[in-house]
Amino acid sequence: MSVLLGADPELFAFKDGKPVSVHNLLTGDKRNPQPVDEGAVQVDGTAAEFNILPTDSEEVFVNRIIKVRKNIESIIQSVDKNVVLRSVPAVHFDKEYWDSIPTANKELGCDPDYNAYTGLENQIVPEEKRMGFETMRTGSGHIHIGWRNPKEPFQDDIDRLNHFVDCRVITMLLDHVILPFEKFWDGDKDRRKLYGKPGAFRPKPYGCEYRVLSNAWVDQPDVAGLLFRVITDLVNQVKNKNFTIRQMEDGSISLENSESITGRFHFNRYIGSYDTYAMSNNSPIWKMRDFFKGKKPLV
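What you see is a predicted model; the values in this text were computed from it and never measured. Residue positions within a chain follow its written sequence, with the count starting from 1. Confidence filtering applies because this is a predicted model: local features only for residues at pLDDT of at least 70, side-chain atom pairs given and counted only at 80 or more, and all residues used for totals across whole chains, interfaces and linings. No hydrogens and no water enter the side-chain calculation; it runs on all heavy atoms of the structure.

S.K.: I'd like a description of the layout of surface pockets, backed by residues and values.
M.R.: A 1.4 Å probe that fits into a set of points on a 1 Å grid over the protein atoms alone but cannot get out defines a cavity; an open set with protein on both sides within 12 Å along at least five of seven lines defines a pocket, and lining residues are those with an atom within 4 Å of a point. Grid points are joined across faces, edges and corners, and a volume is the space filled by probe spheres set on the points. Approximately 220 Å³ is the volume attributed to the second largest pocket. Forming the walls of the second largest pocket are L179, E182, K183, D186, G187, D188, K189, R191, R192 and S214. The nonpolar class holds Ala, Val, Leu, Ile, Met, Phe, Trp, Tyr, Cys and Pro. Asp, Glu, Lys and Arg form the charged class, and all remaining residues, Gly among them, are polar. Considered class by class, the residues forming the lining of the second largest pocket number one nonpolar, two polar and seven charged.

S.K.: With reference to specific residues and values, describe the sheet that holds strand β12 (residues 200-204).
M.R.: Overall, antiparallel pairing links the five strands, which are arranged β1-β11-β13-β12-β9 in an open sheet. The sheet is open, and its two edges are formed by β1 (4-7) and β9 (114-115), each paired on a single side. Strand direction decides the pairing type here: strand β11 (residues 143-146) and strand β13 (residues 207-210), joined by four bridges, are antiparallel. Counterpart to H144 in the pairing with β13 is E209. In short, DSSP must find at least two bridges between two strands for them to pair. Secondary structure elements follow DSSP: runs of H or I of four or more residues count as helices, runs of E of two or more count as strands, with numbering from the N terminus.

S.K.: I'd love a proper account of the side chain of T171, names of residues and values included.
M.R.: Note that T171 resides in helix α4 (residues 157-178). Throughout, exposure labels follow a simple rule: accessible area from a 1.4 Å probe, protein chains only, divided by the maximum for the residue type, with under 20% read as buried, over 50% as exposed, and the rest as partly exposed. T171 sits in the buried class, given a relative accessible area of 0%. Only 2.9 Å separates the side chain of T171 from the backbone oxygen of C167, close enough to count as a polar contact. Should any heavy atoms of two residues lie within 4.5 Å, those residues are considered in contact. Those residues in contact with T171 that sit more than four places away from it in its chain are A116, G199, A200, F201, C208 and Y210. Any pair of N or O atoms that falls within 3.5 Å is considered a polar contact. Within protein, one atom must be able to donate a hydrogen and the other to accept it, and sequence-neighbouring residues count only if both atoms are side-chain atoms.

S.K.: Please provide a residue-by-residue account of helix α9 (residues 284-292), values included.
M.R.: The set of residues buried in α9 consists of P284, I285, M288, R289 and F291. Buried residues of α9, seen end-on, are gathered within an arc of 160° and therefore sit on one face of the element. Directions are taken from the helix axis to each C-beta atom, and the arc is the one they span.

S.K.: Any details on the pattern of salt bridges? Residues and values, ideally.
M.R.: Should a side-chain nitrogen of Lys or Arg be within 4 Å of a carboxyl oxygen of Asp or Glu, the pair is scored as a salt bridge. Scanning the entire structure with this criterion turns up 17 salt bridges. A salt bridge links D80 to K15; its shortest N-O distance comes to 2.8 Å. With D80 in the loop between α1 (58-77) and β7 (83-86) and K15 in strand β2 (residues 10-15), this residue pair connects regions lying 65 residues apart in the sequence. Given a relative accessible area of 15%, D80 falls into the buried group. Classification of K15 by relative accessible area gives partly exposed; the value is 29%. Note that E209 is salt-bridged to R202, the shortest N-O span being 3.5 Å.

The values are spatial; any link to function lies outside them.
Structure below.
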């Protein structure tokens with residue numbers, strides 16, 4: 001089957017330039033999201049989360065992100081027209097306002113995810129390491145990747161283990177190719193101190209959830225389209241056994257050598273003459289083109 005991509009980004013609401021919780025501006029939750037055309041919306045803690053239906057088309061993927069993102073903002077503005085949504089990777093709430101938010105919306109917690117580099121479950125950041133970040137919340141741009149029929153059960157434990165290994169390989173490969181160039185569209189330094197570290201993934205019956213990226217790409221259609229290209233191509237390469245867990249574990253492909261000529265070639269091939277969405281010279285795509293042409297350093 002074709003590789004399908006979906007996403008469930010989290011956005012933050014701002015009023016008068018300050019972040020506000022959406023708990024009283026939006027309905028729906030993780031168990032009962034509010035359906036909208038081509039996706040769904042919900043409250044996720046203090047953030048507004050939306051998801052899109054999966055697709056194997058880059059154009060449809062980008063247009064669904066734009067459409068459902070506009071839809072969730074319209075729903076919120078029907079309650080308060082002065083609120084806008086922003087794809088900000090980390091926000092810091094004012095302490096006085098923070099204390100007024102319901103406790104349930106301030107709680108951190110979700111199903112566990114895994115570290116692709118160790119194969120082990122990621123541990124929740126201990127409270128002592130969150131000191132100084134108590135009023136900070138982070139916004140993710142998780143991408144869901146499907147390459148198998150979720151209605152088909154795994155044949156046995158070996159089949160299930162092989163799927164888990166495929167998820168690890170795909171996650172490490174995406175880290176290797178994407179993360180060295182993430183700084184072109186995401187300049188945030190706070191989110192990854194607590195969340196979304198390299199290797200974060202969650203296996204799914206249909207494939208896996210890549211949980212490393214922030215929400216910074218959501219309002220940049222050119223980057224969304226580029227990510228679609230990169231992810232679908234690399235997943236197909238794993239499906240064709242062009243990359244294996246042994247290559248990942250022995251270091252022949254790793255984050256440490258991802259800025260090598262090989263790493264740059266991998267990402268450059270997806271840019272090429274890419275101009276479907278990149279209409280401005282300020283676009284990350286144009287900046288990456290300059291980098292590959294040797295005009296600017298990777299800093």
